[in-house]
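Below, each chain spelled out in residue letters.
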Amino acid sequence: MTASPAGAAPAPARRERLNPLTLLAAAAATAVITTAAGSWALSLAVVAACLGLSAAGGTAGRVLPAAAAVLIPFGLSLLVLHGLFFPEGRTVLAEWGPARVTAEGLDFAGQRIVQLAAVVLALLLFSFSVSIPDLVAALSARGVQGRFAFVLASTLTLLPAIADRARRIRQAQEARGLVVSRSLLARIGAFRLQAVPLVLSLIEDAGTRAAALEARGLSNPGPRTSYREVADSRLQRTVRTVLMLAALAAVVLRVVAPGA
Amino acid sequence: MPECTAAAGRAVPVNRPVLAAGIRDFTFHDGHAPVLHDVAVTVAPGSFTAILGASGSGKSTLGCLLAGWLPPGGHGTLAGFLQLSGTRLEFDGGAGDPRIDPAQWGRQVGFVPQDPAAVLSTVRSTVAEELAFGLENAGMERGSMKAAVERTARLLGLGSQLDQDPARLSGGQLRRLAIGCAVIPGPPVLVMDEPFASLDAAGANELAALVRDLIKRGTAVVILSQTVSPLLLEAGTWFVLKDGRLTASGPPAAMGPGSGLLPPAIRRLDGLEAATTPVLRASSRQPGELPAGPALELRGVSFGYPKAPVSRRRRRRQEPVPDRREMVLQDVHLAVYPGEIVAVTGPNGAGKSTLLRHFNGLLRPSAGTVLVHGADIGGVPVGKTAASVGLLFQQPRDQLFERTVLREVMFGLDRLVGADVAVARAGAALKAVGLADAAPEHPAELPASAQRLLALATVLARRPAVLALDEPTVALDGDGLALLDAAVRSAAEAGAAVVLVTHELGYARAAAHRILALDGGRLLPAHRPPGY
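Residues numbered from 1 in each chain as written. Chains lettered and ligands numbered in written order. Predicted model: local features only at pLDDT ≥ 70, side-chain atom pairs only at ≥ 80, totals over all residues. Heavy atoms only, no water.

A. Focus on the overall build of chain A. A count of helices and strands for chain A gives 9 helices and 2 strands. Counting helices and strands in the order they occur from the N terminus, chain A gives α-α-α-α-β-β-α-α-α-α-α. The C-alpha radius of gyration of chain A comes to 23 Å, more than 25% above the 18 Å expected for a compact globule of 260 residues. Taking the principal axes of the C-alpha coordinates as reference, chain A spans close to 70 × 60 × 35 Å. The buried share among the 260 residues of chain A stands at 41%. Of the contacts made within chain A by residues no fewer than 6 positions apart, 67% connect residues no fewer than 24 positions apart. On chain A, roughly 13,500 Å² of surface is accessible, and the fraction owed to carbon and sulfur atoms is 72%. Positive and negative side-chain charges of chain A, numbering 25 and 13 respectively, have mean locations separated by a distance of 4 Å. (Helix = DSSP H or I, 4+ residues; strand = E, 2+ residues; numbered from the N terminus. Rg over C-alpha atoms; globule rule 2.2 N^0.38 Å. Buried < 20%, exposed > 50% of the residue type's maximum accessible area, 1.4 Å probe, protein only. Contact = heavy atoms within 4.5 Å. Areas by Shrake-Rupley, 256 points an atom, 1.4 Å probe, with all protein chains shown as cover. Lys, Arg positive; Asp, Glu negative; His and termini not counted. Charge placed at Lys NZ, Arg CZ, Asp CG, Glu CD.)

The structure is reproduced here in structure tokens:
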């Protein structure tokens, strides 16, 4: 059984041996610890590490736009909120009526933005690097219900499937005279024409597939097995436990010593 | 019909059917009239059975009922019985009807629907895992599962594709994978709906060999078809459906061309076609006086698909890409004049559809130019070129997206010719393909043959100067083929330049003025059709 490489083509052999749950634990622990620590240095280090890993893994092209889509609006709102209206701000840099730009406010906003960036990048890096079939197999092996594993896998593969179907509908419409220019308005207008047929065709497709899945025993109540073998090792299990404990410890420390 | 009653008794007759149905009526919940009426079918263990019927005869519904994909009570009401491996379930449409467990039924009866892709789970990343999906759900331990996957892959000739993404298989391989998914639990019966549609000669031969192999191993095979392909002559019994009723049954020998038992809409591809259904005449018409310029011209067109597949799912998995921009078309030259019908033949995967998609700009050549009426279409939006070039897609479902048949034909037509003319044109096009009465229906609910004809009507209504048809005969029954033939001829007579790609050489010979073969990416003149 050859698993499809989870991550980068240049180092498939190394990546293949990583259990998806180890990746998940690493991403989750990173997110929790960074949030709990609230430290400039740690957040920046995590951001840099994530950028480095995604560049090395060849996922930067997808991680960066997705991260930008989340971080730019959030970052701007944090900047406006804390930069202009930070009650504890003392060092005033500029002032317009009730709004004051303070050094403390900017520092706080910057810290929150970097912290958020670290969390978002860690989770995005995970979701773009993990092999979905491996993840589903790993979850099934841990007794996660077949239906749930199927729904999870379908959700993760849904967007590409929808995009593919929308492309086919658009081509059919173009072949019958629909002119789609490059402007955003024209694209939105064209999508409006595709939306109804897209939803209808997905529903129809789901109906046919449901019969096939039922006939292949998706609803079987009994235990299930997994054909796919997912690499795992004592070391990885230990790493996962350590990561989880570290995350827990970070939260406890944060609660016990809020000033830390 | 008959033997099935024997199963109710304790004594087991030698010929006890493994699967049987006695259907007094089957009506869909949203239907007015029964789709099936007085249909009795029996399938003996290890036998080979064909259920023949034209498009719309109810055979797909019968197939789904036999396979447990249409559990009575779910989508429709059944009055009658279904019998599987000696257990008979009686239905009268009431609340007390037994319920079918599709998973249990599926282990006894494998089903391969018309569209083999519908069987796939879509969440498994390799052929091996897709084959194993049903076994995983049954909780089989991994060692036995691996053995079953290897055994099935060997039987299907998919041994070298086990690690491939199912989404990247060819049509023939996909069909075999769907059969594999159906037979891997070792069901005593396999039901296949139109398994030969869209397979070229090599694919059909491979499938025939597989069917013989399965029968030899003791699987009863039931094939539902609207064409008599040579393999079906080997069947023990033919059941003939017409308008939802069983009109004949018996051995193939008793249903020869002279017997009158097969409706004319059932095409015979067994060498007896000429004697029975003279639907197509060899083209005798010269393409008249060729006008000065070609309607469509390809000059030195070359094309290769980009090395990375477009799907993000695949990109995410970063699979190695085996063929780095292998050229599908190489230096293709073609000129088609108004009134001319040109057929392009070639096996599955030769690049015929790729060629047609260049005519309106859905694909752009990596070298060379495409000219419509002498003007280069490079840089012109597809929607503009579409005013002159009509393209019939290979899969009608890729072409149909509207809510009703009439809306489907009207899409974009009013912008082209104005609302009043559009209504008249749409009506005429639907009439030309025999769908005038189906105007308010939902395209997805039409039988496959009617869907293909509707897709054709959407193209004809625009009266394009260039008509490009991708495998137009697939899924058409005899009546549909006659309508297609008439429509293509009249479009050509009205001055359209027609290019049709098909793997059915017989149709190409009968319909076209010129036959070209696409081979290794190059377009070569094939022999001329007889009488031309």
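Here the narrative resumes.
B. Structural detail: the overall build of chain B. Along its length, chain B carries 18 helices and 22 strands. Relative to its full complement of 532 residues, chain B shows a buried share of 55%. The long-range fraction of contacts in chain B, counting pairs at least 24 apart against all pairs at least 6 apart in sequence, stands at 70%. As displayed, chain B has an accessible area near 21,000 Å², and 53% of this comes from carbon and sulfur atoms.

C. Structural detail: the pairing of strand S19 (residues 466-470) of chain B. Residues and elements named next belong to chain B. In terms of residue burial, S19 counts as a mostly covered element, since 5 of its 5 residues are buried. Burial along S19 is two-sided: Val 466, Ala 468 and Asp 470 and Leu 467 and Leu 469, pointing in opposite directions, are all buried. Looking at chain direction, S19 and strand S20 (residues 497-501) are connected through 5 bridges and run parallel. Directly across from Ala 468, in S20, lies its bridge partner Val 499. (Pairing = 2+ DSSP bridges.)

D. Highlighting helix H8 (residues 184-215) of chain A. Residue and element names in this part refer to chain A. Here H8 contains 32 residues, and its C-alpha end-to-end distance of 44 Å stays within 8% of the 46 Å for a straight helix at 1.5 Å per residue. By the largest-angle criterion, Gln 194 marks the main kink of H8, which is about 35 degrees, and a proline, Pro 197, follows within four residues. Backbone geometry just downstream of H8 places Gly 217 in the positive-phi region, at approximately 85 degrees. (Expected span 1.5 Å × (residues − 1). Bend = angle between axes of the 7 residues up to and from the residue.)

E. Summary view of the sheet that holds strand S18 (residues 389-392) of chain B. Residue and element names in this part refer to chain B. Taken in spatial order, the 6 strands of this open sheet run S18-S19-S20-S15-S21-S22, and their pairing is mixed. Since the sheet does not close on itself, it has two edges, and those belong to S18 and strand S22 (522-525), each with one partner. With direction set aside, neighbouring strand axes in the sheet form an average angle of 20 degrees. Taken together, the 4 bridges between strand S15 (residues 341-345) and S20 define a ladder with parallel strand orientation. The residue bridging Val 342 from the neighbouring strand is Val 499, located in S20. Against the sheet, helix H16 (residues 448-460) makes contact with S18 and S19, and its axis sits at roughly 175 degrees relative to S18, the strand it touches most. (Axes fitted to C-alpha atoms, helices over the stretch in contact; angles between N-to-C directions.)

F. The arrangement of the domain arrangement of chain A in detail. All names here are of chain A. Under the domain assignment, chain A is made up of domain 1 (19-130) and domain 2 (131-219). In this structure, domain 1 and domain 2 have C-alpha centres spaced 32 Å apart. Across the contact, 5 residues belong to domain 1 and 7 residues belong to domain 2. Both sides together, the interface formed by domain 1 and domain 2 hides about 490 Å², and carbon and sulfur atoms give 78% of it. For the domain 1 face of the interface with domain 2, the top three residues by lost area are Pro 20, Leu 21 and Val 130, together amounting to 83%. If you look at where domain 1 meets domain 2, you find 0 residue pairs in polar contact (both at pLDDT 80 or more). (Domains from an automatic or database assignment. Buried area = accessible area lost by both parts, 1.4 Å probe. Polar contact = N/O pair within 3.5 Å; in protein donor to acceptor, adjacent residues only side chain to side chain.)

G. Broad picture of the interface of chain A and chain B. Listed as interface residues are 54 residues of chain A and, on the opposing side, 64 residues of chain B. Summed over both partners, the interface of chain A with chain B comes to about 5,200 Å²; 55% of that surface belongs to carbon and sulfur atoms. Interface area lost by chain A to chain B is led by Arg 176, Arg 216 and Tyr 227 of chain A, which between them contribute 21%. There are 5 salt bridges connecting chain A and chain B. With its nearest N and O atoms 2.8 Å apart, the salt bridge here joins Glu 408 of chain B to Arg 176 of chain A. Applying the counting rule to chain A against chain B returns 19 residue pairs in polar contact (both at pLDDT 80 or more). Of all elements in the fold, only helix H5 (103-129), helix H6 (132-141), helix H7 (146-174) and H8 of chain A reach the threshold of two or more residues within the side of chain A that touches chain B. (Salt bridge = Lys/Arg side-chain N within 4 Å of Asp/Glu carboxyl O.)

H. Region of interest: a nonpolar patch on the surface. All names here are of chain A. A surface patch of nonpolar side chains, amounting to about 630 Å² of accessible area, comprises Val 32, Leu 245, Leu 248, Val 251, Val 252, Val 255 and Val 256. When residues in the nonpolar patch are grouped by element, the largest group, 6 residues, is from helix H9 (residues 234-256). In this fold, Leu 245 is placed in helix H9. Relative accessible area serves as the criterion here: at 52%, Leu 245 is assigned to the exposed category. (Patch = residues over 30% accessible without salt bridge, like charges linked within 9 Å, V, L, I, M, F, W, Y side chains within 5 Å.)

I. Quick look at the pairing of S15 of chain B. Burial runs high along S15 of chain B: 5 of the 5 residues are buried. Across the two faces of S15 of chain B the burial is the same, with Ile 341, Ala 343 and Thr 345 of chain B and Val 342 and Val 344 of chain B all buried.

J. A look at the sheet that holds strand S17 (residues 375-376) of chain B. All names here are of chain B. Within the open sheet, the 4 strands sit side by side as S14-S13-S16-S17. Their pairing is antiparallel. With partners counted over all chains shown, the strands left at the sheet margins are strand S14 (327-336) and S17, one partner each. Bridging between strand S16 (residues 367-372) and S17 involves 2 bridges; their strand directions are antiparallel. Across the sheet, the residue bridging to Val 372 is Ala 375, located in S17.

K. Geometry of the packing of aromatic side chains. Evaluation of the coordinates by the stated rule reveals 4 aromatic pairs over all chains. With 4.9 Å between their ring centres and 90 degrees between their planes, Phe 401 of chain B and Phe 411 of chain B make a pair best called edge-to-face. With a gap of 10 residues between them, Phe 401 of chain B in the loop between helix H12 (396-399) and helix H13 (405-410) and Phe 411 of chain B in the loop between H13 and helix H14 (413-417) connect regions that are remote in the sequence. Like Phe 411 of chain B, Phe 401 of chain B is buried. Sitting over the ring of Phe 81 of chain B, Arg 88 of chain B keeps its end group 3.8 Å from the ring centre. One cation-aromatic arrangement involves Lys 146 of chain B over Tyr 227 of chain A; the distance from NZ or CZ to the ring centre is 4.8 Å. (Phe/Tyr/Trp six-rings, centres within 6.5 Å; stacked < 30°, edge-to-face > 60°. Lys NZ or Arg CZ within 6 Å of the ring centre and 35° of its normal.)

L. Region of interest: the pattern of salt bridges. According to the stated counting rule, one finds 23 salt bridges over all chains in the structure shown. Here Arg 237 of chain A ties to Asp 232 of chain A by a salt bridge, and the two come within 3.7 Å at their closest N and O atoms. Taking the shortest distance from any N to any O, the salt bridge between Arg 267 of chain B and Glu 504 of chain B comes out at 2.7 Å. Residue Arg 267 of chain B is found in strand S12 (residues 267-268), and its partner Glu 504 of chain B is found in the loop between S20 and helix H18 (505-511); the two are separated by 237 residues along the sequence. Where salt bridges share partners, they join Asp 134 and Arg 228 of chain A together with Glu 129 of chain B into one cluster.

M. Structural view of the environment of Gly 506 of chain B. Residue and element names in this part refer to chain B. Inspection of the secondary structure puts Gly 506 in helix H18. The class for Gly 506 is partly exposed, based on a relative accessible area of 46%. Taking C-alpha positions, Gly 506 is 33 Å from Phe 411, a pair spaced 95 residues apart along the chain.

N. Representation of unusual backbone geometry. All names here are of chain B. One non-glycine residue, Asp 38, lies in positive phi territory at about 50 degrees. Its location among the elements puts Asp 38 in strand S2 (residues 36-43). For Asp 38, a relative accessible area of 48% gives the class partly exposed.

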